[in-house]
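Below are the chains, spelled out letter by letter.
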Amino acid sequence: MFCGESISNALQESYLALVRFLLPEGILDYFELSKIVEGLTGLHIYLEEKNLPPAEYKDQKLESKGFLPEIYIQDFPIRNQKVTLCIKRRRWEVKDTDEIISRDWNVVQQGTRMTKEFADFLKGLYR
């Protein structure tokens, strides 16, 4: 059984490495791949924001309140297949104020190793 677990771990690592090459740089730092659907119109890649509260609220008590409405973004084709990224951003409630917040991608760009290109991509989704 131990050998099977190490093969499974190796496959998982290989899978993640491949996915990192196919998706916008840095996206897996903040989003999880939930599914891929191949249809008549191409590939639909579903991503959900991880439940990692924004750093600027680290000293406050937050509660996840689900997701904002899903958005659809055309990405570069893969193997002549149109690619649509189906992105669900998370929202949180600040317990002390009942304010509903979501991640500020301007802050993320400055505070992490995220590329400017990826931050601009995410900011552009909500203009």
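Here the structure is shown first, and the text comes after it.
Quick look at the structure, then. Given the structure is predicted, the values throughout are model-derived calculations rather than measurements. (Residues numbered from 1 in each chain as written. Predicted model: local features only at pLDDT ≥ 70, side-chain atom pairs only at ≥ 80, totals over all residues. Heavy atoms only, no water.)

Attention now goes to a nonpolar patch on the surface. On the surface, a nonpolar cluster with roughly 360 Å² of combined accessible area is contributed by Leu-18, Phe-21 and Leu-22. For Leu-22, the location among the structural elements is in helix α1 (residues 2-22). (Patch = residues over 30% accessible without salt bridge, like charges linked within 9 Å, V, L, I, M, F, W, Y side chains within 5 Å. Areas by Shrake-Rupley, 256 points an atom, 1.4 Å probe, with all protein chains shown as cover. Salt bridge = Lys/Arg side-chain N within 4 Å of Asp/Glu carboxyl O. Helix = DSSP H or I, 4+ residues; strand = E, 2+ residues; numbered from the N terminus.)

Our focus in this paragraph is the packing of aromatic side chains. Summed over all chains, the structure comprises 0 aromatic pairs. When the ring centre of Tyr-46 is taken as reference, the NZ or CZ atom of Lys-35 above it lies at 4.7 Å. (Phe/Tyr/Trp six-rings, centres within 6.5 Å; stacked < 30°, edge-to-face > 60°. Lys NZ or Arg CZ within 6 Å of the ring centre and 35° of its normal.)

Right, let's talk about the side chain of Thr-84 for a bit. Among the secondary structure elements, Thr-84 is positioned in strand β5 (residues 81-88). If we skip the residues at most four places from it in the chain, Thr-84 touches Leu-43, His-44, Ile-45, Tyr-72, Ile-73 and Gln-74. (Contact = heavy atoms within 4.5 Å.)

In this structure, Leu-23, Leu-47, Leu-85 and Ile-87 are the most contacted members of the largest nonpolar core, which totals 15 residues. Among the elements of the structure, α2 (27-30), β2 (42-49), β4 (71-78) and β5 are those that each provide at least two residues to this core. If near-sequence neighbours (up to four positions away) are discounted, Leu-47 is found in contact with Leu-23, Ile-27, Phe-31, Glu-32, Leu-33, Ser-34, Leu-85, Cys-86, Ile-87 and Lys-88. Of all hydrophobic cores here, the second largest spans 5 residues; its members include Tyr-57, Trp-92, Val-94 and Ile-101. (Core = buried A, V, L, I, M, F, W, Y, C linked by side-chain atoms within 4.5 Å. Buried < 20%, exposed > 50% of the residue type's maximum accessible area, 1.4 Å probe, protein only.)

Now for the pattern of salt bridges. Following the criterion strictly, the structure yields 7 salt bridges and no others. One salt bridge connects Glu-49 with Arg-103, and the closest N-O pair in it is separated by 2.8 Å. Note that Glu-49 is positioned in strand β2 and Arg-103 in the loop between β7 (99-101) and α3 (105-111), a separation of 54 residues in sequence. Arg-103 matches Glu-49 in its accessibility class, with the two residues each being buried.

The 4 strands lie next to each other as β1-β2-β5-β4, forming an open sheet whose pairing is mixed. The sheet is open, and its two edges are formed by β1 (31-39) and β4, each paired on a single side. Ignoring strand direction, the axes of neighbouring strands in this sheet form an average angle of 25°. Where β4 and β5 come together, 6 bridges link them in antiparallel fashion. Note that in β5 the partner of Ile-73 across the bridge is Leu-85. (Pairing = 2+ DSSP bridges. Axes fitted to C-alpha atoms, helices over the stretch in contact; angles between N-to-C directions.)

Below, the discussion takes up the sheet that holds strand β3 (residues 62-67). Strand order in the open sheet made by the 3 strands is β3-β6-β7, with antiparallel pairing throughout. On the outer flanks of this sheet lie β3 and β7, each paired with one strand and no other. Here the average twist between neighbouring strands, direction ignored, is 30°. Where β3 meets strand β6 (residues 90-94), 4 bridges bridge the pair, whose relative direction is antiparallel. Residue pairing across strands places Glu-63 opposite Glu-93, the latter belonging to β6.

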